[in-house]
Amino acid sequence: MGARCQGYRRASRPVEVHLGEGARSRRSQARVDAALVLLIKAAVEPGGRVATGPPGHLQIHKKPGRSSVSCRQSLQPAELPTTPYRAAGLRYKNWVFVSGTMATDFKTGLPASARANDALPLAGEHVMIRETRFIFETLGAVLRAGGTTMDQAVRIDSFPTTRDAIDPYHVVRREFMDPPRPASTSVAVDALLAPQASTQVELVAIVPQDDLKKEGIDTDRIPQPLGGYSPAVVAGDFVFLAGQVPTDWKTGVAPEAKVDPNFWEGNQIDRQARLTLKNMAITLEAAGSSLEDVVKVQVYLADITDVPRFDRVWREFFPKDAPARTIYPIRALGVTGGRIEINFVALRTGGKTRKQVISTPEARHSPFGETQAVRAGDFLFLSGLMAVDDDGLVAAARANPAYPHDRDPAAAQMSDIMEQAQAICRAAGTDLKNAVRMLTVHTDLSESFRAATAASPFFPDGPPATTTVGVQAPLQAEEATIMVDLWVAMSA
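Every value quoted in this text rests on a predicted model; they were computed, and no experiment measured them. Here the residue numbers are simple positions, counted from 1 along each chain's written sequence. Local features in this predicted model are restricted to residues of pLDDT 70 or higher, and side-chain atom pairs are both shown and tallied only at a pLDDT of 80 or more, whereas totals for entire chains, interfaces and linings draw on every residue. Only hydrogens and water are set aside when side-chain values are computed; all heavy atoms of the structure are taken into account.

The numbering of helices and of strands both runs from the N terminus, where a helix is a DSSP run of H or I of at least 4 residues and a strand a run of E of at least 2. Position of Asp 270 relative to the elements: it lies in helix 4 (residues 268–286). Think of it in three bands: with a 1.4 Å probe and only protein chains considered, a residue is buried below 20% of the maximum accessible area for its type, exposed above 50%, and partly exposed in between. Asp 270 sits in the buried class, given a relative accessible area of 15%. In terms of polar contacts, Asp 270 uses its side chain to reach the side chain of Arg 274, at 2.3 Å. The contact partners of Asp 270, leaving out residues within four places of it in the chain, are Arg 309 and Val 313. Two N or O atoms count as a polar contact when they lie within 3.5 Å, although within protein this holds only if one can serve as hydrogen donor and the other as acceptor, and sequence-adjacent residues are included solely when both atoms are side-chain atoms. In what follows, residue pairs with any heavy atoms lying within 4.5 Å of each other are defined as contacts.

Listed below in structure tokens is the structure:
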């Protein structure tokens, strides 16, 4: 994770700069050339050189085999359709982040290869198989553009709008991905930006190096998932845990996570959350990590009103230096009766990469007690952000009842979120423009374009890999309609 950015290899050719002699004498021009050499040398990466030619001419030689490009590079294969405010993916150093991918051309809906034949709808592959295959072909194209392949994926998240899309997704995933498959999370959401699409998939992969290799982790001390994915994947110092739910993968919700309706004892979310976190602690141990080394947590709740009781359990498992956390309301989970799913990003215990909790008075602290952010090596993981304070929606995002059309609430919420994120980033020693992954949830997807427009100025070098989904209202803060989850690189 700490490796220097090498950029993409390209031929080293000298760049000749003609400065123009104008009315200068040869002696004064030589002095100008010498001064410019000193200035340009400061801008040329180590190993390059600047040579003088005739008066008014300089040649800039880059170090062979390297480029001066940023470590953070947008990925947009020419064969893929484009849409404003997002790229297909992004490479940062030896990590590749793929944006939420749907079977759409961003113009007419499902592309021809993903549609059924209206005249013969039962002929050929099931439409959801076609749709998912289009998604995985797109993921593969983005990974190739980033210099890696599908077998180097370490984390994959899918957001179906219907349970019917899950089995086709598993079928196609097995076709495209061999074991060890990436750590996987699948949760049902209410809507996607492409209404005809039934699922959206995002992915994180590595470009393997000597100190960054993928290793699938399994353990027989937890129930074995049915989807054929790895419970955990190690990549360098990082550990990615798949989404876990409180099940035995045999009968549904595990017996120890159930509440007996015959007695006034026990609470469903308490028991389900506790079992899930216990199993995740076991998985971390198998991967050479621990709860103390967790840096980022995503929590999916089927009932958002479970937050207060969940928090009691959370504090038992994370009594201090808690990881960054984002909580989402979702439509359904992969086990009937399940109320919670959780995934982790953690560090290997004793590795070179260290966990650092970030706290700054320059940004609001969450009314729900979340850590503002955690730095881990090259990355900063922020907790989920909403435009709220202890009084609910911030004043800047509230409509004035006496003059309700003087502001755009969606744009105001997103601007406030970005400003808070920027303050946290600066406290950690980075800048929001270095964001590599952004997941935005809306309770009203009609706000998404205005929100993306408001966020755009914060990413002058191009947007991060972006996923946008619609979820059921309310969020944790009832008045908020937008929440953003961000991963930010520590340098450009």
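After that view of the structure, there is still more to cover.
Here we come to empty space enclosed by the protein. Detection works on a 1 Å grid of protein atoms alone, calling trapped sets that fit a 1.4 Å probe cavities and calling open sets with protein on both sides within 12 Å along at least five of seven lines pockets, with lining residues defined by an atom within 4 Å of a point. Grid points are joined across faces, edges and corners, and a volume is the space filled by probe spheres set on the points. Tallying each qualifying case throughout the model produces eight cavities of 30 Å³ or more. Roughly 200 Å³ of volume is contained in the largest cavity. Along its surface, the largest cavity is lined by 21 residues, and Arg 364, Ser 366, Gly 384, Leu 385 and Met 386 are the ones closest to its centre. Only strand 15 (324–329) and helix 6 (409–428) provide two or more residues apiece to the lining of the largest cavity. Ranked by residue count, the leading element in the lining of the largest cavity is strand 15, at three residues. Residues that form the lining of the largest cavity fall into these classes: nine nonpolar, nine polar and three charged. For this scheme, ten residues count as nonpolar: Ala, Val, Leu, Ile, Met, Phe, Trp, Tyr, Cys and Pro. Four count as charged, namely Asp, Glu, Lys and Arg, and the remainder, Gly too, count as polar.

For the rest of this paragraph, the subject is the sheet that holds strand 24 (residues 482–489). Two strands pair under a simple rule: DSSP has to find at least two bridges between them. The strand order 9-23-22-24-19-18-17 describes an open sheet built from seven strands, whose pairing is mixed. Two strands lie at the open edges of the sheet, namely strand 9 (191–192) and strand 17 (355–358), each paired on one side alone. Both strand 22 (residues 435–442) and strand 24 contribute to a ladder of seven bridges, which runs antiparallel. Paired with Val 441 across the strands is Met 483, a residue of strand 24. Between the N-to-C directions of two axes lies an angle of 0 to 180 degrees, each axis being a line fitted to C-alpha atoms and, for a helix, fitted only over the stretch in contact. Contacts from helix 6 reach strand 17, strand 18 (373–376), strand 19 (379–382), strand 22 and strand 24, with the element oriented near 30° to strand 24.

Moving on: the packing of aromatic side chains. A pair of aromatic rings is counted whenever rings of Phe, Tyr or Trp (Trp by its six-membered ring) have centres within 6.5 Å, and the orientation is called stacked for planes under 30 degrees apart, edge-to-face for over 60 and tilted otherwise. Within the structure shown, the criterion is met by 18 aromatic pairs. Their ring planes at 50° and their centres at 6.0 Å tell us that Phe 310 and Trp 314 sit as a pair that is tilted. Highlighted residues: Phe 310 and Trp 314, both in helix 5 (residues 307–317), separated by four residues, approximately one helical turn. Taking relative accessible area as the criterion, Trp 314 reaches 7% and is therefore assigned buried. Ring pairs connect the aromatic residues Tyr 92, Trp 95, Phe 97, Phe 238, Phe 240, Phe 379, Phe 381 and Trp 487, which therefore count as one cluster. When the ring centre of Trp 314 is taken as reference, the NZ or CZ atom of Arg 325 above it lies at 4.8 Å. For a Lys NZ or an Arg CZ to count as sitting over a ring, it must be within 6 Å of the ring centre and within 35 degrees of the ring normal. One cation-aromatic arrangement involves Arg 437 over Trp 487; the distance from NZ or CZ to the ring centre is 4.6 Å.

What follows covers the pattern of salt bridges. We count a salt bridge whenever a side-chain nitrogen from Lys or Arg sits within 4 Å of a carboxyl oxygen from Asp or Glu. For the structure on display, the rule yields 21 salt bridges. The salt bridge partner of Lys 296 is Asp 485, with a shortest N-O separation of 2.4 Å. One end of the pair, Lys 296, is in strand 14 (residues 294–301); the other, Asp 485, is in strand 24, with 189 residues separating them in the sequence. By the burial criterion, Lys 296 is buried, and Asp 485 matches it. Each of Glu 202, Lys 296, Arg 437 and Asp 485 takes part in one network of salt bridges that share partners.

Our next topic: unusual backbone geometry. With the exception of glycine, most residues fall at negative phi, and the peptide bonds are largely trans. In this structure, the amide linkage connecting Pro 179 to the following residue, Pro 180, adopts the cis form with an omega of 0°. Relative to the assigned elements, Pro 180 resides in the loop between helix 3 (166–176) and strand 8 (183–186). Here the amide bond leading from Ala 473 into Pro 474 is cis, since omega sits at 0°, within 30 degrees of zero. Its location among the elements puts Pro 474 in the loop between strand 23 (465–470) and strand 24. The backbone of Tyr 85 shows a phi angle near 65°, a positive value even though the residue is not glycine. With respect to the helices, strands and loops of the structure, Tyr 85 is situated in the loop between strand 4 (72–75) and strand 5 (89–92). Even without being a glycine, Asp 321 presents a positive backbone phi close to 45°. Counting through the fold element by element, Asp 321 comes out in the loop between helix 5 and strand 15.

Here we come to the environment of Gly 109. Within the secondary structure, Gly 109 sits in the loop between strand 6 (95–101) and helix 2 (127–145). Here Gly 109 falls in the buried class, since its relative accessible area comes to 15%. Put simply, Gly 109 and Gln 196 are 87 residues apart on the chain and 6.2 Å apart in space, counted from C-alpha to C-alpha. Every residue in contact with Gly 109, bar those within four places of it in the chain, is listed here: Ala 103, Thr 104 and Gln 196.

Attention shifts here to the sheet that holds strand 4. Across the sheet, which stays open at both edges, the six strands sit in the order 4-5-6-10-7-8 with mixed pairing between neighbours. Pairing within the sheet leaves two strands with one partner each, and these edge strands are strand 4 and strand 8. Pairwise comparison of adjacent strand axes, ignoring direction, gives a mean angle of 10° for this sheet. Helix 2 rests against strand 4, strand 5, strand 6, strand 7 (153–158) and strand 10 (201–206) of the sheet, and its axis sits at about 150° to strand 6.

One finds Leu 380, Leu 382, Met 418, Leu 432 and Leu 486 to be the most contacted residues of the largest nonpolar core, which totals 54 residues. Put simply, the parts of the chain that give this core at least two residues each are strand 19, helix 6, strand 22, helix 7 (448–455) and strand 24. No other element matches helix 6, which puts eleven residues into this core. Once residues lying within four places of it in the same chain are set aside, the contact partners of Met 418 are Leu 432, Met 438, Ala 455, Phe 458, Phe 459, Val 484 and Leu 486. To form a nonpolar core, buried Ala, Val, Leu, Ile, Met, Phe, Trp, Tyr and Cys residues must be joined to one another through side-chain atoms within 4.5 Å. In terms of nonpolar packing, the next biggest core, distinct from the first, is built from 29 residues, Met 280, Val 299, Val 307 and Ile 340 among them.

What follows is about the packing of helix 4 against helix 5. Helix packing for two helices is described by the angle between their axes and how far apart those axes are. Packing of helix 4 against helix 5 leaves a shortest axis separation of 9 Å and a crossing angle of 30°. Considered as vectors, helix 4 and helix 5 are oriented roughly parallel to each other. Taken as a pair, helix 4 and helix 5 cross one another with a handedness that is right-handed. Residue-level contacts link Ile 269, Asp 270, Ala 273, Arg 274, Leu 277 and Lys 278 of helix 4 to Arg 309, Phe 310, Val 313, Glu 316 and Phe 317 of helix 5. Each residue belonging to the contact of helix 4 with helix 5 can be placed in one class, and the counts come to six nonpolar, no polar and five charged. An angle below 35 degrees is read as roughly parallel, one above 145 as roughly antiparallel, one from 65 to 115 as roughly perpendicular, and any other as oblique. Handedness of a crossing is defined here by the sense of rotation of the near helix relative to the far one, left-handed for an anticlockwise turn of less than a right angle and right-handed for a clockwise turn.

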